[in-house]
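# Descriptive structure summary
The residues making up each chain are set out below.
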Amino acid sequence: MSDSLPPDSEQDLEAPARLVAAFKEGARREIFVPATVDDAILKAARLQLRPPNKSSVARWPRWMLWPALAGACAIVAFVIRMERPAQFAREDLNRDGKVDILDSFKLARELKIGGSLPAYLDANGDGVVDARDVNAIASRAVALGKERPQ
Amino acid sequence: MDEHTDSKNAVDRRTDLQLIAGMNGGDDRAFEALYFRHRDWVTSLAFRFTSDESLALDVLQETFLYFLKKFPGFTLTAQMKTFLYPVVKNLSIAARRKAERHQSTESELEVLANQPAEQSMRIEAKELTAVMAGLSEEQREVLLLRFVDGLSLAEIAAAMEIPLGTVKSRLHNALTALRKDPRTKSFFEE
Amino acid sequence: MKCWLAILFCALATPLFGQQAAAPHFRAIEVYVDSGNLPLAAYQVQFSVTNVTARIVGIEGGQHKAFREPPFYDPKAMQGERVIIAAFSTETPGHLPSGKTRVATIHIMTIGETRPAFELKLQAAADPAGKRISATVTCGEKPQ
């Protein structure tokens, strides 16, 4: 269908709520982003954004700075295949620095969508990623820990 | 009734403009907030163009690495989605070429045209997907940007780098086609 | 024999029932989360009794179908004064509650007449996509 003159009425360009909901459902596809991808990008950001120390600048010749940055970006791009870094807990699936019900919820949603899931999501270490891992993460989220009520 | 309230929201409330100002000042935590705010949308959009999860993740990384290289000194003159959309689209084309799965023309990026409807989708949504496969790629893009990604008409025009009138025409024609098709006309009936 | 048993029972029961001030009270505390106009898909709340001796003796689910099952909690919280409850639902937005909804009922036993005071902390609330949302948590004793 070719482009014609624009319509006079903006109302012609609105869609009923049911149709919008159907658009969203049809386009819905939650892609699981592994933590290693997030880490690679965040590392590149730290390298790119943080101002260098005066002392480190004094040590590096200027002509080496850009190739070094480009090399660092290339290196962190390969971090995809590296294991999850130690500063995030294994169960912290949404990488927000804490293990809570939202991590369990995230895995539950992934299981509902279906498909194969990475082995590092095996929270209970039984070799299978399933609802038991969801429960294991939830149990950790609500654990009272060493504190005891008085 | 005894009431004890506490609301807690760990989400960064700074606007995109404020976060970019932070990034220009060397604040990598500002980037982190911006990244997680737009990450899922970028990935979803990349998947719409590539129909491949691995390629979508590659495009996600390349998009943000491309974005980072503009700092310091970057100025945001539109909404983030408007800025990111052409970047994601062009990187998706490049990723598809590299994967050698399709010929190198934009018209072959058939957004959603060949994706089988997911088993869990309701019948209505499946019908809609089937009808949308019959629209032109440009009309599908405009529909999705408007009703799934929530961009305004002006933002769509800026993102797609086409006149506002063209956006309106494509949207109008696409909605007319949906209104007329027997499989989707019920959406327009009260 | 029966006489001796009766005397023994009275001797043991007197500390519990002999004085009105030390009588145990069972209370049902309803916990509400208000997510405004956004659908609530997940929550995590820490609940504790702050001013009296109390024991948590039971936890029930909420009023909406999405949260009707009892939430996750640490079994060690039973017989204690603090618990973290959490639940989620993978239902579509149309099948999730919004606004103020009762997500759980916590049953406690207190000793004495002093009205218990509670502390609540909303540790997480999220929409169906898992994104954190603003919400408020409140509680109130269910009328007996």
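Here's what I pulled together on the structure shown here. (Residues numbered from 1 in each chain as written. Chains lettered and ligands numbered in written order. Predicted model: local features only at pLDDT ≥ 70, side-chain atom pairs only at ≥ 80, totals over all residues.)

### Examining the overall build of chain B
The condition is simple: Runs of E in the DSSP output that reach at least two residues are strands. Runs of H or I that reach at least four are helices, and both are numbered from the N terminus. The exposure label follows from counting other C-beta atoms within 10 Å of a residue's C-beta, where the C-beta atoms are placed from the backbone and the thresholds are 20 or more for buried and 12 or fewer for exposed, leaving partly exposed in between. A pair of residues counts as a contact when their C-beta atoms, built from backbone coordinates, are within 7 Å of each other.
Along the backbone of chain B there are eight helices and zero strands. Listing every helix and strand of chain B by position from the N terminus yields α-α-α-α-α-α-α-α. Sorting the 190 residues of chain B into buried and exposed places 39% on the buried side. Considering only contacts in chain B between residues 6 or more positions apart, those separated by 24 or more positions represent 61%.

### As for the packing of helix α3 (residues 53-68) of chain B against helix α4 (residues 80-99) of chain B
All names here are of chain B. Inclusion rule: Angular values range over 0 to 180 degrees, each being the angle between N-to-C directions of two axes fitted as lines to C-alpha atoms, with helices fitted over their stretch in contact. Any angle that falls under 35 degrees is termed roughly parallel, while one over 145 is termed roughly antiparallel, one within 65 to 115 roughly perpendicular, and all others oblique. The handedness criterion is simple: a crossing whose near helix is rotated anticlockwise from the far helix by less than a right angle is left-handed, and one whose near helix is rotated clockwise is right-handed. Under the grouping applied here, Gly and all other residues not named as nonpolar or charged are polar, the nonpolar ones being Ala, Val, Leu, Ile, Met, Phe, Trp, Tyr, Cys and Pro and the charged ones Asp, Glu, Lys and Arg.
Two elements in contact, α3 and α4, have axes whose closest approach is 9 Å; the angle formed by their N-to-C orientations is 130 degrees. Between α3 and α4, the angle falls in the class oblique. Classified by chirality, the crossing of α4 by α3 is right-handed. Where α3 approaches α4, its residues Leu55, Asp58, Val59, Glu62, Thr63 and Tyr66 are matched on the opposing element by Leu84, Val87, Val88, Leu91, Ser92, Ala95, Arg96 and Ala99. Class assignment for the residues of the contact of α3 with α4 results in nine nonpolar, two polar and three charged.

### Examining the sheet that holds strand β6 (residues 118-126) of chain C
Rule in force here: Strand pairing follows a simple DSSP-based rule, namely that at least 2 bridges must link the two strands.
The strand order across the open sheet formed by three strands is β4-β2-β6 (chain C), and the pairing between neighbours is antiparallel. Looking at strand neighbours, the two that pair on one side only are β4 (82-88) and β6 of chain C, the edges of this open sheet. Between one strand axis and the next, the sheet turns through 15 degrees on average, direction left out of account. Here strand β2 (residues 42-49) of chain C runs beside β6 of chain C; their pairing, made up of eight bridges, is antiparallel. Bridged to Val49 of chain C within β6 of chain C is Phe118 of chain C. Helix α5 (residues 101-113) of chain A rests against β2, β4 and β6 of chain C of the sheet, and its axis sits at about 25 degrees to β4 of chain C. Running at roughly 145 degrees to β4 of chain C, helix α6 (residues 131-142) of chain A makes contact with β2 and β4 of chain C of the sheet.

### Notes on the interface of chain C and chain A
Across the boundary between the two partners, chain C contributes 19 residues, which contact 18 residues of chain A. Of all the elements in the fold, those that place two or more residues in the side of chain C that touches chain A are β2, β4 and β6 of chain C. When residues of the side of chain C that touches chain A are assigned to their parent elements, the largest contribution, five residues, is made by β4 of chain C. The residue makeup of the side of chain C that touches chain A, split by class, is ten nonpolar, five polar and four charged.

### Let's talk about the interface of chain B and chain A
Counting residues at the interface gives 44 residues for chain B and 35 residues for chain A. Listing elements by their share of the side of chain B that touches chain A, those giving two or more residues are α2 (28-50), α3, α5 (123-132), α6 (137-147) and α8 (164-180) of chain B. Tallying contributions element by element places α8 of chain B first for the side of chain B that touches chain A, with ten residues. Residues that form the side of chain B that touches chain A fall into these classes: 24 nonpolar, eleven polar and nine charged.

### Examining the sheet that holds strand β1 (residues 24-34) of chain C
In a beta sheet, neighbouring strands pair by backbone hydrogen bonds and run either parallel or antiparallel. Residue and element names in this part refer to chain C. Spatially, β3-β5-β1-β7 is the arrangement adopted by the four strands of the open sheet, whose pairing is antiparallel. The outermost strands of the open sheet, each flanked by one partner alone, are β3 (54-60) and β7 (136-141). Averaged over all pairs of adjacent strands, the angle between their axes in this sheet comes to 25 degrees, without regard to strand direction. With six bridges connecting them, β3 and strand β5 (residues 100-111) associate as antiparallel partners. Across the sheet, the residue bridging to Ile56 is Ile108, located in β5.

### Comments concerning the environment of Ala123 of chain A
Residues and elements named next belong to chain A. Mapped onto the elements of the fold, Ala123 is located in the loop between α5 and α6. Residue Ala123 is classed as buried on the basis of its C-beta count, with 23 C-beta atoms lying within 10 Å. Here the alpha-carbon distance between Ala123 and Glu91, two residues 32 residues apart in the chain, equals 6.4 Å. Residues in contact with Ala123, not counting those within four places in the same chain, are Arg90, Glu91, Asp133, Ala136 and Ile137.

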